[in-house]
Amino acid sequence: MTSTAEPAQGHHRVTYREVLAEPRFRLLFWTRAVSITADALRITTFSVLVFAATGSPLLSAVAFGIGFIPQLFGSLLLGSLADRLPPRALITGGYAVTSAAALLLALVRMPIGASLGVVALVSLATPVFHGASSRLVAQSLEGDAYVLGRSLNNIAGSGAQLFGLALGGAVVAALGPRRALAVSAALYAGCALAIRTRLPSLQPGESGGAPGGARGEGGAVRASLRGAGLLLRGRTVRRLMLAQWLPPAFVAGAEGLLVAYAGERHFAPGWYAVLMGCLPVGMLLGDLLVGRLLRPPARERLVVPLIALAGLPLTGFAAEPGVGVSSCLLLLSGFGYAYGLGLQRPFLDALPQEGQGQAFGLLGSGGMTLQGVGPVCVGSVAAGTGTGGAIALAGGAVALTAGWILTWYAPTPPVPVPNRSTGPENGTGQRASGSPAR
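Quantities reported herein were computed from a predicted structural model and do not represent experimental measurements.

> Explain the overall build of the chain here, please?
The number of helices and strands found in the chain is 20 helices and zero strands. A fraction of 85% describes how many contacts in the chain between residues 6 or more apart in sequence connect residues 24 or more apart. Approximately 17900 Å² of the chain is accessible, and the part contributed by carbon and sulfur atoms is 68%.

Laid out in structure tokens, this is it:
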């Protein structure tokens, strides 16, 4: 395993340049950025294609979100494969299958139901190869280098999503939606080729995961359900997952109302896009500044204040502010998303070594699912309170979540860990060896 920092160096502030110097992480970082660009291009283009074929806003919205919720089922039913199969083959196959699905949508005129089914089916596998990729990152970077690696991924994710949305509009206008889907397929294929040719061929045991049968007898589904149950029964892991799921879900619910809010307030055409862009810009700035300027203990102490920052500005929408104030409130809320950097080390330390791939897949798929549910829940509240009131209530829910986290979260200084592959957590949130699970 290659490492750029030792666990004992918990107070050392690593630089982004040092993190990017690690070859394996650099490859995974760039392919992930390209794939997120392709995701944004594919999702928006597919939504446009469905709307053009049906004229139905509902089906267009379903096309936009059809790839989110199935990820949770994929993580629960197939998540153990992230630790049981060779990572190079798994990640390459994931990008290749996604590329094939985008190409199929581009070339074959299928019924809408069949097209939605293709996207949903492929999304079942997404947590598996994303989990394998995240596990490789965790095994390649240690200490603060791992946290800075996650920060870089967040920054690249925000930037790639914005670029993909802009690229989608330009490509659809120039080539049409089906050719735009073919462009996204080419981007996925490039990622698959890069992983296949440049990532070393590692077996699960070599990359820090469990060899094929190491996680017990039974098939992948049975092992996945068992592994997910063990992870969620561990109090520490469960709490840290909820801490990373709930605030983004509530903020996503507020974000889903921005178009309607701009319409109700009679903002000039196009200003809704400015409002929607403020959140990812704030996220990018938060990850950059908190990740680069603060030392690891400071990031972990600021977890609760930053969660509160993600929620409290949104309560200002109760006063139904204009464009300028609304933009500032959303920027501040996005900045608060940097709280996640302070939870990366505690979450990683709480995981059993052999279940890391499944845990990362479950973390991502659960977050995506709740961010899909959030807009539905907050939108239903808006029917009675108005959009400004519903956005404010979503912000209040984030602040309440910060209060709940304050009751159990107690950051402590990092300590040297001689072997991170101690046994899995028991039901009390501690490792089987008796050492505290952070």
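> Please explain a nonpolar patch on the surface as it appears in this structure.
Taken together, L162, L165, V281, L285, L288, L289, L293 and L331 make up a surface patch of nonpolar side chains, about 610 Å² in accessible area. Put simply, the parts of the chain that give the nonpolar patch at least two residues each are α9 (144-175) and α14 (271-293). Counting residues per element, the nonpolar patch draws most heavily on α14, at five residues. Inspection of the secondary structure puts L162 in helix α9. Classification of L162 by relative accessible area gives partly exposed; the value is 33%.

> Mind showing me how you'd approach the environment of R198 here?
In this fold, R198 is placed in helix α10 (residues 177-198). Put simply, R198 and L27 are 171 residues apart on the chain and 7.7 Å apart in space, counted from C-alpha to C-alpha.

> How should I be thinking about the packing of aromatic side chains in this particular structure?
To describe a pair of aromatic rings, one takes the distance between the centres and the angle between the planes. In the structure shown here, the tally under the stated rule is eight aromatic pairs. Ring pairing ties together the aromatic residues F25, F29 and W30, which thus form one cluster.

> Would you explain the packing of helix α2 (residues 23-54) against helix α8 (residues 126-140) in this entry?
Two packed helices can be described by the angle between their axes and the distance between those axes. Following both chains from N to C, one finds α2 and α8 inclined at 150 degrees, their axes separated by 9 Å at the closest point. As the angle between them shows, α2 and α8 are arranged roughly antiparallel. In terms of crossing hand, the pair formed by α2 and α8 is left-handed. Residue-level inspection shows R24, F25 and L28 of α2 in contact with α8, the latter providing S133, L136, V137 and S140. In the contact of α2 with α8, the residues fall into four nonpolar, two polar and one charged.

> Would you explain helix α17 (residues 323-335) in this entry?
Along an α-helix, residues three or four positions apart point the same way, because every turn accommodates 3.6 residues. If you check α17, its first and last C-alpha atoms are 18 Å apart, about what 13 residues at 1.5 Å a residue would give, namely 18 Å. When we look at burial in α17, the residues that qualify are V323, S326, S327, L329, L330, S333 and G334. Taken end-on, α17 shows its buried residues confined to a sector of 165 degrees, consistent with a single buried face. Along its buried surface, α17 packs onto α12 (235-255), α13 (258-264), α14 and α16 (303-315).

> It is not clear to me how the nonpolar core should be interpreted in this structure. Could you clarify?
One broad trend across soluble globular proteins is that nonpolar side chains are buried collectively. Judged by nonpolar contacts, the single largest core of 84 residues is most densely connected at V19, I91, L330, F347 and I391. The contacts of I391, once residues within four sequence positions are left out, are A254, L257, L258, Y261, L314 and F317. One finds A63, L105, A106 and L116 within the second-largest nonpolar core, a separate group that totals eleven residues.

> Help me out: how do you make sense of the pattern of salt bridges in this one?
Close approach of charged atoms allows side chains of opposite charge to pair. According to the stated counting rule, one finds six salt bridges in the structure shown. A salt bridge links R345 to D349; the shortest N-O distance between them is 3.2 Å. Here R345 and its partner D349 are both found in helix α18 (residues 341-350), four residues apart, which amounts to about one turn of the helix. Considered together, R345 and D349 belong to a single accessibility category, that of buried residues. What emerges from the salt-bridge pattern is a single network uniting E300, R345 and D349.

Conventions we followed
- Residues numbered from 1 in each chain as written.
- Predicted model: local features only at pLDDT ≥ 70, side-chain atom pairs only at ≥ 80, totals over all residues.
- Heavy atoms only, no water.
- Helix = DSSP H or I, 4+ residues; strand = E, 2+ residues; numbered from the N terminus.
- Contact = heavy atoms within 4.5 Å.
- Areas by Shrake-Rupley, 256 points an atom, 1.4 Å probe, with all protein chains shown as cover.
- Patch = residues over 30% accessible without salt bridge, like charges linked within 9 Å, V, L, I, M, F, W, Y side chains within 5 Å.
- Salt bridge = Lys/Arg side-chain N within 4 Å of Asp/Glu carboxyl O.
- Buried < 20%, exposed > 50% of the residue type's maximum accessible area, 1.4 Å probe, protein only.
- Phe/Tyr/Trp six-rings, centres within 6.5 Å; stacked < 30°, edge-to-face > 60°.
- Axes fitted to C-alpha atoms, helices over the stretch in contact; angles between N-to-C directions.
- Parallel < 35°, antiparallel > 145°, perpendicular 65-115°, else oblique.
- Left-handed = near helix turned anticlockwise from the far one by under 90°.
- Nonpolar A, V, L, I, M, F, W, Y, C, P; charged D, E, K, R; others polar.
- Expected span 1.5 Å × (residues − 1).
- Arc of directions from axis to C-beta.
- Core = buried A, V, L, I, M, F, W, Y, C linked by side-chain atoms within 4.5 Å.

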